[in-house]
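This is what each chain is made of:
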Amino acid sequence: ADKNVGFLGLGNMGGFMAANLVKKGYNVRGFDPSKDALNAAAKNGIAPVNSLAAAVEGADVVFSILPSNKAVLDAYLEKDGVVALAKKGSLLIDSSTVSPEVSRKVGEAAEEKGLHFSDAPVSGGTMGAQNATLAFMAGGRKEDFDRALALLQAMGAKHFYCGATGAGQVAKLTNNLLMGITGMATAECMNMGIKMGLEPKVLLDVLNNSSARSWSTEVYCPVPGLVPTAPSSRNYDGGFKNDLMVKDLELASGMALSIRSPVPLGAVATQLYRIVQSRGYGQKDFSFVFQLLKEESDK
Ligand code: NAD
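Residues numbered from 1 in each chain as written. Predicted model: local features only at pLDDT ≥ 70, side-chain atom pairs only at ≥ 80, totals over all residues.

K.L.:
Got a minute to help me understand the site of the ligand in this structure?
P.N.:
In the vicinity of the ligand there are 28 residues, among which Gly9, Gly11, Asn12, Met13 and Phe240 approach most closely. Among the elements of the structure, helix H4 (69–77), strand E7 (122–123), helix H7 (125–131) and helix H12 (242–258) are those that each provide at least two residues to the shell around the ligand. For the shell around the ligand, the per-class residue count stands at 15 nonpolar, eleven polar and two charged. Structurally, the shell around the ligand is a two-domain feature, drawing no fewer than three residues from each of domain 1 (4–164) and domain 2 (170–298). (Near = placed C-beta within 6 Å. Helix = DSSP H or I, 4+ residues; strand = E, 2+ residues; numbered from the N terminus. Nonpolar A, V, L, I, M, F, W, Y, C, P; charged D, E, K, R; others polar. Domains from an automatic or database assignment.)

K.L.:
Is there a simple way to explain unusual backbone geometry in this structure?
P.N.:
In terms of backbone geometry, most residues other than glycine have negative phi values and most peptide bonds are trans. Located in the positive-phi region is Asp2, a residue other than glycine, with phi close to 50°. In this fold, Asp2 is placed in the segment before strand E1 (4–8). Its identity as a non-glycine residue notwithstanding, Arg260 has a phi of 55°, on the positive side.

K.L.:
Please explain the domain arrangement of the protein chain as it appears in this structure.
P.N.:
Here the domain parsing of the protein chain yields domain 1 (4–164) and domain 2 (170–298). Between domain 1 and domain 2, the C-alpha centre-to-centre distance is 27 Å. The interface is formed by 13 residues belonging to domain 1 together with 14 residues belonging to domain 2. Put simply, the parts of the chain that give the side of domain 1 that touches domain 2 at least two residues each are H7 and strand E9 (156–163). The class makeup of the residues in the side of domain 1 that touches domain 2 is six nonpolar, seven polar and no charged. (Contact = placed C-beta atoms within 7 Å.)

Structural data, given as structure tokens:
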């Protein structure tokens, strides 16, 4: 059961994730409007198709990882979208980071058509996607999570059931707000320490063995050349785009506003990532903000 997967979105994350499904023996038909993404996926054993419909038709499971609220709403709810085309009883899993309301909207539409929907956003970055070590945080019905588990295990190492539809997104946005703040804080503090004359490598070793240690210092160091697998060490390419970070912080801020939960540090971080965006570096990994702070301090 559930061997035929229609996969939507073969970008920085989806490309690796679909490839990991193929490795575990799933038949994966993949669609992405980008020809480059499709060609890259084909090299990894994914059957490339030229439309969403061709990916979804007859699939036991439809899996998506798309860039925005709008992309998810369009892909699922348009006239020729997933909800209209998926076969009855099939399982729909969306791993995009979107607003919890978007997930609930799609979930309701799916349920009306006798489909099963789970929001299952991920954490762990492109390295996690590549190495199948992602953390999945899922919302929806528990029995749908149980059904999804084998598939999620092919792409990730940790799997959390968070509650009703949208709960996965709440967990994810909470995580990314904290990561956005921590990443920014790491960039400004490392810049300061280095400018004060510390060897970057020594500073990083200290931080990684002290109370300021975090994912941003250990895995995602914003200073180039210190963590070879971090995006900063490959010109800030192929990571988590600054544009996507802005999107997530805006989603988190919207959520916080709706319940009047104060997020002052989140607001500052959002503004600074927006400045990176307006300077034209939105496609770079979000740790690029280090370069901007460095530039300011070099003036
Ligand atoms: P990306 O921009 O590299 O990839 C998104 C892909 O979706 C693109 O190739 C785009 O062409 C494709 N796409 C757009 N509309 C489509 C449609 N209707 N059907 C099929 N494909 C479509 O982005 P990414 O980094 O892979 O991120 C995707 C999602 O995963 C985002 O919601 C992001 O917030 C989330 N995410 C990213 C990371 C990360 O580290 N990159 C980590 C966790 C979560």
